[in-house]
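The residues making up each chain are set out below.
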Amino acid sequence: MTTNPPADGAITYAVIDLSVIMHNVRALKAHVGGPVEVIAVVKANGYGHGAAEAARAALAGGATRLAVARVDEGVALRQAGLAAPILVMGYAPPDAAPFIVAHNLTATLTTWEAAQAVSAQAEAAGRRAPVHVKVDTGMGRFGLLPEEAAAFVDQVAALPGLDLEGMFTHFAVADEPAEASRAYTRQQFARFTDVLRAVAAAGHRLRVRHCANSAATLFHAETHLDAVRPGIAIYGLRPNAEVAPPVALQPALALQSRVARVRTLPPGSSISYGRTYTTTRPTPVALVPVGYGDGYHRLLSNRGAVLINGQRAPIVGRVCMDQFVVDVTGIPDVKQDDTVVLIGAQGEARITAEEVARWAETINYEVTTSLLPRVKRVYLPPAADDVR
Ligand SMILES: *Cc1c(COP(=O)(O)O)cnc(C)c1O
């Protein structure tokens, strides 16, 4: 279940199984059914999985559109050769308009200045730029308030360089099963559909109305509309660690390394910076060449664990920038260069991103998104007969 290290000297690497991303998207597509489009969210380097690679796998699994947070993320996907529509979901200032138009990105508009800038740029290029309008129905973050949206849509639709294609909103608590949270999501959705109705009554035909993140895709079927916008679920991770999703999702990423040294420390040996751990007996320990310089959080000090030879080895002492130490008491035969699994399965044992997140007092999203460029990405391609 582990993958051999890359043959370029890299010892700490993330293995990303692209067929798993493809299958996750296929499963989500089957779940939403019929004509509902899947917009695969590949912002932040595809939640650490690699944006372009994740995007290709998602498209192979049936996604028809991509979404990122920023203009330069969209440009990078175009430069990697991706031709699908790319929605930039976050703020794009007026001076980003040349990049939006040159790379045929779909901007999210919330200001008149940006709308004018994108329109002017598209007109100059002899085109109409596709745009979406974002409505803030209760996230309190980005987007127009519901009462501002209809008038803004009228203005935007009148600009000659724009093709007002879609409108969207974003949910705050769609992952939470508590009835109060479900009611809040329904209320956000109702505010959104009120705006959609007003916009339609004013004669605007929007083709891509969307609001469902992974959680709403999985747990709020009434919100699917024309398209869903899952991120975390396409990588096989849960939007809420406590709630099993109704769709079989598999994690696509494993984080692996190699034992750099094994030895037995005598009783009374302190380990790592700050001397936060001291052995009380002869203790066999292994050195793991992973640290916060890889995005492996320092909060895992004296808390986390790894798998070696299919067994758990707890972290002892502080996680440093480049390495940490684990106690391998009771694990037979630990040798230098043995595979270490930090996220993923080995034999019967498994450590999930959700478990690492709990140790680090965060969420699975941050665990994979934190993996820094120093962590080599190793891609397992989809099997040829699996791509259709
Ligand atoms: C990140 C993001 C998503 C995807 O959210 P997940 O919880 O990962 O599915 C969808 N929409 C917007 C606006 C986002 O910022």
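Note that the structure is a prediction, hence the values are computed from the model and not measured.

> Got a minute to help me understand the packing of helix 1 (residues 18–32) against helix 3 (residues 51–60) in this structure?
When two helices pack together, you describe them by how their axes are tilted relative to each other and by the distance separating the axes. In the contact formed by helix 1 and helix 3, the axes pass within 7 Å of each other and the chain directions differ by 45°. As far as their axial angle goes, helix 3 and helix 1 are oblique. The two elements helix 1 and helix 3 cross, and the hand of that crossing is right-handed. Between helix 1, through Leu18, Ile21, Met22, Val25 and Arg26, and helix 3, the contact on the second element is made entirely by Glu53, Ala54, Ala57, Ala58 and Ala60. Split into classes, the residues belonging to the contact of helix 1 with helix 3 amount to eight nonpolar, no polar and two charged.

> Whenever I open this one, unusual backbone geometry confuses me. Can you help?
The bulk of non-glycine residues show a negative phi, and the bulk of peptide bonds are trans. Positive phi is not limited to glycine here, since alanine 44 has a value of about 50°. As for its placement among the helices and strands, alanine 44 is situated in helix 2 (residues 43–47). Since its relative accessible area comes to 32%, alanine 44 is described here as partly exposed. Residues other than glycine seldom take positive phi values, yet serine 272 does so here, at roughly 70°. Examined against the element boundaries, serine 272 turns out to sit in the loop between strand 12 (270–271) and strand 13 (277–278). Exposure remark for serine 272: the relative accessible area of 27% places this residue in the partly exposed category.

> Teacher, can you tell me more about the sheet that holds strand 5 (residues 106–109) here?
Strand order in the closed barrel made by the eight strands is 2-3-4-5-6-7-8-9, with parallel pairing throughout. Pairing of strand 7 (residues 162–168) with strand 8 (residues 208–212), which is carried by three bridges, proceeds in the parallel orientation. Considered in strand 8, the bridge of phenylalanine 168 is made with histidine 210. Of the strands in this sheet, strand 5, strand 6 (129–134) and strand 7 touch helix 7 (residues 146–157), which is tilted by about 160° from strand 7.

> Help me understand the environment of arginine 191 in this model?
Along the chain, arginine 191 turns up in helix 8 (residues 179–201). Considered as a pair, arginine 191 and leucine 82 are 109 residues apart in the sequence and their alpha carbons are 34 Å apart. The residues touching arginine 191, leaving out its near neighbours within four places in the chain, are Thr137, Gly138 and Pro146.

> I'm lost on the domain arrangement of the protein chain in this one. Help?
Interfaces are often sized by the accessible area lost when the parts come together. For the protein chain, the domain assignment lists domain 1 (18–235) and domain 2 (253–384). One C-alpha centre belongs to domain 1, the other to domain 2, and the line joining them spans 37 Å. With eleven residues of domain 1 at the interface, the matching set in domain 2 holds nine residues. Summing the contributions of domain 1 and of domain 2, the shared interface buries around 970 Å²; its carbon and sulfur component is 63%. On the domain 1 side of the interface with domain 2, the three residues burying the most area are Leu18, His49 and Ile232, jointly 46% of the side's total. Seen at the junction of domain 1 and domain 2, the total is five residue pairs in polar contact (both at pLDDT 80 or more).

> Looking at this model, I keep getting lost on the site of the ligand. Mind explaining?
Lining the immediate surroundings of the ligand are 13 residues, of which Lys43, Tyr47, Ser214, Ile232 and Tyr365 lie closest. Contact distances for the ligand include 3.4 Å between a nitrogen atom and a side-chain N or O atom of histidine 170. Between the ligand and arginine 229, the relevant distance is 2.8 Å, taken from a nitrogen atom to a side-chain nitrogen or oxygen of the residue. When the ligand is considered free in solution it has 390 Å² of accessible area, and contact with the protein chains removes 91% of it.

> Would you explain the pattern of salt bridges in this entry?
Close approach of charged atoms allows side chains of opposite charge to pair. Per the stated rule, a full pass over the model turns up 15 salt bridges. In this structure, arginine 65 and glutamate 37 form a salt bridge, with 3.0 Å as the shortest nitrogen-oxygen distance. Here glutamate 37 lies in strand 2 (residues 37–41) and arginine 65 lies in strand 3 (residues 65–68), a separation of 28 residues in the sequence. Overall, arginine 65 belongs to the buried group, its relative accessible area being 13%. With its nearest N and O atoms 2.9 Å apart, the salt bridge here joins arginine 374 to aspartate 322. Remark: aspartate 322 occurs in the loop between strand 16 (311–316) and strand 17 (324–327) and arginine 374 occurs in the loop between helix 11 (364–369) and strand 20 (376–380); sequence separation between them is 52 residues. For arginine 374, a relative accessible area of 45% corresponds to the partly exposed category. One network of salt bridges, with partners in common, ties together Glu37, Arg65, Asp163, Glu165 and Arg207.

> Is there a simple way to explain the nonpolar core in this structure?
Within soluble globular proteins, side chains that are nonpolar generally end up buried alongside one another. Membership of the largest hydrophobic core comes to 121 residues, with the highest contact counts inside it found for Leu77, Met167, Tyr296, Ile308, Phe324 and Val326. Formed jointly, this core draws a minimum of three residues from each of two domains, domain 1 (18–235) and domain 2 (253–384).

> Could you clarify how one ought to interpret the pairing of strand 14 (residues 283–288) in this entry?
The side chains of a regular strand alternate, first on one face of the sheet and then on the other. Pairing geometry for strand 11 (residues 261–265) and strand 14, over five bridges, is antiparallel. From the neighbouring strand, leucine 265 faces strand 14, where its bridge partner is threonine 283. Sheet analysis places strand 14 next to strand 17, joined by four bridges and oriented antiparallel. Across the sheet, residue valine 288 finds its bridge partner in strand 17, namely phenylalanine 324.

Criteria and cut-off values
Residues numbered from 1 in each chain as written. Predicted model: local features only at pLDDT ≥ 70, side-chain atom pairs only at ≥ 80, totals over all residues. Heavy atoms only, no water. Axes fitted to C-alpha atoms, helices over the stretch in contact; angles between N-to-C directions. Helix = DSSP H or I, 4+ residues; strand = E, 2+ residues; numbered from the N terminus. Parallel < 35°, antiparallel > 145°, perpendicular 65-115°, else oblique. Left-handed = near helix turned anticlockwise from the far one by under 90°. Contact = heavy atoms within 4.5 Å. Nonpolar A, V, L, I, M, F, W, Y, C, P; charged D, E, K, R; others polar. Buried < 20%, exposed > 50% of the residue type's maximum accessible area, 1.4 Å probe, protein only. Pairing = 2+ DSSP bridges. Domains from an automatic or database assignment. Buried area = accessible area lost by both parts, 1.4 Å probe. Polar contact = N/O pair within 3.5 Å; in protein donor to acceptor, adjacent residues only side chain to side chain. Near = heavy atom within 4 Å. Areas by Shrake-Rupley, 256 points an atom, 1.4 Å probe, with all protein chains shown as cover. Salt bridge = Lys/Arg side-chain N within 4 Å of Asp/Glu carboxyl O. Core = buried A, V, L, I, M, F, W, Y, C linked by side-chain atoms within 4.5 Å.

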